[in-house]
Amino acid sequence: MTSSFSAQKIASFCHDQAQSVAIHVVAETGSTNADLLAQLDTLTTPTLLIAEKQTAGRGRAGRVWHAAPQCALTFSLAWKFNLPMQGLLGLPLAVGVAIAQALAECDVSVQLKWPNDILKDDKKLGGVLIEAASVSKSSQNLSVQSVWVVIGIGLNLMLPDELQALLGDAATDAPSLMQKDRNHVMATLLNHLTQVLYQFEQEGFAAFTARWNALHAYADQAVVISNQGQNLHEGIARGVDGMGRLMLESFAGAGTVSVMAGDVSLRLHQTQEG
């Protein structure tokens, strides 16, 4: 999988729904998410931006996303929803389902870690960063509000030794994807993403709850929910509800608590580690 990305080749592999997406490829940029966010006022159609190299890739909570050139898929998809902002609850999880389905089509089996990580063999293969913005546009003297989201995705295809040393044992790659046409892999991801995003707008996350729970990496395991190093909850992860909230059977005797994603982090409880 050493050939360069080609917008035309990716489009040739796209299904009907994905044909509506404008595809752009750049050799290098700071952040594909930042680039698309800066263009939202001028976008008129869903737009995919792929970078051969990102120099300032970002994860959730301002974390740095590290990737070696041509050894990862780093891209962002700008998408307009005819929904209020609160209608986007659960969207990162639905995107996770789309990625898992696409990778399964490429013969790579993954699981999902709440709220937005892609795991392979219990290690992080990739992640999702979603940023939303309300955009006002004037049309015939009327101001029209719409909600755009920029979905940033990073997937490790191969981790060179120096990057593996930097990321540690918690990260992994999918070298079998390096043997495939990456334009076809990218199109497969886009096909599943567009299908899921159209369905999400019509039905919300409830349409994906069962699929997400079937891919839940930590189902029925003891976990800790923390925020900036402070433990907020400890309990047994029982899956997610129709709003994408993690249902946690609390160790504190509080019964089942519903945890919203926000900036919280999840890890295995020490009794489950080792």
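Predicted, not measured: the structure shown is a model, and the values here were computed from it.

Thoughts on the pairing of strand E5 (residues 117–120)
Alright, step 1. With burial as the criterion, each face of E5 is covered, one bearing Asp117 and Leu119 and the other bearing Ile118 and Lys120.
Alright, step 2. Taken together, the three bridges between strand E4 (residues 111–113) and E5 define a ladder with antiparallel strand orientation. Across the sheet, the residue bridging to glutamine 111 is leucine 119, located in E5.
Alright, step 3. Two successive antiparallel strands, E4 and E5, enclose a turn made up of three residues.

Quick word on helix H5 (residues 182–203)
Alright, step 1. Between its terminal C-alpha atoms H5 stretches 31 Å, which fits the 32 Å expected from 22 residues at 1.5 Å a residue.
Alright, step 2. Within H5, 16 of the 22 residues are buried, which leaves it mostly tucked inside the rest of the structure.
Alright, step 3. N-capping of H5 is provided by aspartate 181, with a side-chain oxygen placed 2.9 Å from the backbone N of asparagine 183.
Alright, step 4. Positive phi appears at glycine 204, one or two residues downstream of H5, with a value of about 75°.

Points about the pattern of salt bridges
Alright, step 1. Counted according to the given criterion, the structure contains seven salt bridges.
Alright, step 2. In this structure, the salt-bridge partner of aspartate 117 is lysine 124, at a minimum N-O distance of 3.4 Å.
Alright, step 3. Across the pair aspartate 121 and lysine 120 runs a salt bridge whose closest N-O atoms are separated by 3.6 Å.
Alright, step 4. For lysine 120, a relative accessible area of 18% puts it in the buried group.
Alright, step 5. Linked through salt bridges whose partners overlap, the residues forming this network are Asp220, Arg238 and Glu249.

Some remarks on the confidence of the model for the protein
Alright, step 1. Mean pLDDT over the protein stands at 87; residues scoring 70 or higher make up 87%.
Alright, step 2. Of all helices and strands in the protein, the one with the weakest mean pLDDT is strand E12 (residues 265–268) (68), whereas helix H6 (residues 209–214) scores best (98).

Some points on unusual backbone geometry
Alright, step 1. In this structure, the amide linkage connecting tryptophan 114 to the following residue, proline 115, adopts the cis form with an omega of 0°.
Alright, step 2. Relative to the helices and strands, proline 115 resides in the loop between E4 and E5.
Alright, step 3. In this structure, aspartate 121 takes a positive phi of about 55° despite not being glycine.
Alright, step 4. Relative to the elements of secondary structure, aspartate 121 occurs in the loop between E5 and strand E6 (123–139).
Alright, step 5. Take aspartate 121: its relative accessible area is 60%, and that puts it in the exposed class.
Alright, step 6. Not every positive phi belongs to a glycine, and aspartate 220 is a case in point at roughly 60°.
Alright, step 7. Secondary-structure assignment places aspartate 220 in the loop between H6 and strand E8 (222–227).

Some details on a nonpolar patch on the surface
Alright, step 1. Together, Leu89, Met243 and Met260 give the surface a local cluster of nonpolar side chains, amounting to about 240 Å² of exposed area.
Alright, step 2. If you trace the backbone, methionine 243 turns up in the loop between strand E9 (230–240) and strand E10 (246–250).
Alright, step 3. Judged by its relative accessible area of 37%, methionine 243 falls in the partly exposed class.

Let's talk about empty space enclosed by the protein
Alright, step 1. Summed over all chains, the structure comprises two cavities of 30 Å³ or more.
Alright, step 2. Quantified by volume, the second largest cavity comes out at close to 40 Å³.
Alright, step 3. In terms of lining, the second largest cavity is formed by Pro92, Leu93, Gly96, Leu112, Lys113, Pro115, Asn116, Asp117, Ile118, Val128 and Trp212.
Alright, step 4. Secondary-structure elements contributing two or more residues to the lining of the second largest cavity are helix H3 (91–105), E4 and E5.
Alright, step 5. The biggest single contributor to the lining of the second largest cavity is H3, with three residues.

Parameters and conventions
Each residue is numbered by its place in its chain's sequence as written, counting from 1. Per-residue local features of the predicted model are confined to residues with pLDDT of at least 70, and side-chain atom pairs are confined, for both listing and counting, to 80 or more; whole-chain, interface and lining totals are unaffected and use all residues. Where side-chain values are given, they derive from all heavy atoms of the structure, hydrogens and water being excluded. Three labels apply to residues, based on accessible area from a 1.4 Å probe with only protein chains included: buried if under 20% of the type maximum, exposed if over 50%, partly exposed otherwise in between. Working definition: helices are DSSP H or I runs of at least four residues, strands are E runs of at least two. Numbering for both runs from the N terminus. A pair of strands is treated as paired once DSSP finds two or more bridges between them. Any helix carries an expected span of 1.5 Å times its number of residues minus one. Polar contact is the term for a pair of N or O atoms within 3.5 Å; when the atoms are in protein, one must be able to donate a hydrogen and the other to accept it, and sequence-neighboring residues count only if both atoms are side-chain atoms. Salt bridges are defined by distance alone: a side-chain nitrogen of Lys or Arg within 4 Å of a carboxyl oxygen of Asp or Glu. Each residue carries a pLDDT value, the predictor's own confidence for that position, ranging from 0 to 100. Exposure above 30% relative accessible area and the absence of a salt bridge qualify a residue for a patch, where like charges join within 9 Å and nonpolar side chains (Val, Leu, Ile, Met, Phe, Trp, Tyr) within 5 Å. Here, Shrake-Rupley sampling with a 1.4 Å probe gives the accessible areas, and only protein chains in the shown set may cover a residue. Detection works on a 1 Å grid of protein atoms alone, calling trapped sets that fit a 1.4 Å probe cavities and calling open sets with protein on both sides within 12 Å along at least five of seven lines pockets, with lining residues defined by an atom within 4 Å of a point. Grid points are joined across faces, edges and corners, and a volume is the space filled by probe spheres set on the points.

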